[in-house]
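Below, each chain spelled out in residue letters.
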Amino acid sequence: MKSLLIHAGLGALTIGVFFWANAYLYRRDWKGSETTLLERIYYGVAIVSVLAGWWFNVHYVFAHPAEASWVHFTGMLFANPAAGSIGQDMILTNVVLFPLWTILDGPRRGLRHTWLYFAMSLFTSFSCAMGLYLAAQERQVRWQARPQ
């Protein structure tokens, strides 16, 4: 239970830092600052992902109180060939491709503190971090196109 609270706190912290680092994008004093349908979809997926993921994480911790750990959790991703297939795909995408993409592509687009998305993915979910990255990217495109 303690690990769940720590993860929840770190997840909330990384989301808070995300909004702090991108505060200029979330001000309402510039043309184009309205939330678009596409952004709402990204935020919706992020929220659903966190809620669904946490539902499963809480059940995992209560089902395996003595063994609950990152090592045990990751090992369970390979409980059968079907789980192993999706498990390896998610691990490689989240731990290798996602950080490379956000850390290299984000600054090219003018996004700040792009290392944060990988950290966020470890404490919220991969889909949450990706949804927030894509939403910030959408806002950044409008921010850069705004009349000066």
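In case you missed it, the structure is sitting above this.
Residues numbered from 1 in each chain as written. Predicted model: local features only at pLDDT ≥ 70, side-chain atom pairs only at ≥ 80, totals over all residues. Heavy atoms only, no water.

K.L.:
Describe the packing of helix 3 (residues 37-63) against helix 7 (residues 126-145), and please don't skip the residues or the numbers.
P.N.:
Between helix 3 and helix 7, whose axes approach to 8 Å, the crossing angle comes to 160 degrees. With respect to their mutual orientation, helix 3 and helix 7 come out roughly antiparallel. In terms of crossing hand, the pair formed by helix 3 and helix 7 is left-handed. Mapping the contact onto sequence places Leu38, Glu39, Tyr42, Tyr43, Ala46, Ser49 and Val50 in helix 3 and Ser127, Cys128, Gly131, Leu132, Leu134, Ala135, Glu138, Arg139 and Arg142 in helix 7. Looking at side-chain class alone, the contact of helix 3 with helix 7 contains nine nonpolar, three polar and four charged residues. (Axes fitted to C-alpha atoms, helices over the stretch in contact; angles between N-to-C directions. Helix = DSSP H or I, 4+ residues; strand = E, 2+ residues; numbered from the N terminus. Parallel < 35°, antiparallel > 145°, perpendicular 65-115°, else oblique. Left-handed = near helix turned anticlockwise from the far one by under 90°. Contact = heavy atoms within 4.5 Å. Nonpolar A, V, L, I, M, F, W, Y, C, P; charged D, E, K, R; others polar.)

K.L.:
So what's going on with the environment of Ala145? Residues and values would help.
P.N.:
If you trace the backbone, Ala145 turns up in helix 7. Considered as a pair, Ala145 and Leu25 are 120 residues apart in the sequence and their alpha carbons are 12 Å apart.

K.L.:
Can you break down the packing of aromatic side chains residue by residue, with the values?
P.N.:
One pair of aromatic rings is described through two measures. These are the centre distance and the angle between the planes. Evaluation of the coordinates by the stated rule reveals twelve aromatic pairs. Note on Phe19 and Tyr26: the rings are 5.1 Å apart at their centroids and 70 degrees apart in plane angle, and the pair reads as edge-to-face. Centre to centre, the rings of Phe98 and Phe126 are 5.2 Å apart; their planes meet at 90 degrees, and the pair counts as edge-to-face. Residue Phe98 is found in helix 5 (residues 81-108), and its partner Phe126 is found in helix 7; the two are separated by 28 residues along the sequence. (Phe/Tyr/Trp six-rings, centres within 6.5 Å; stacked < 30°, edge-to-face > 60°.)

Spatial relationships are all this shows, so hold off on functional conclusions.
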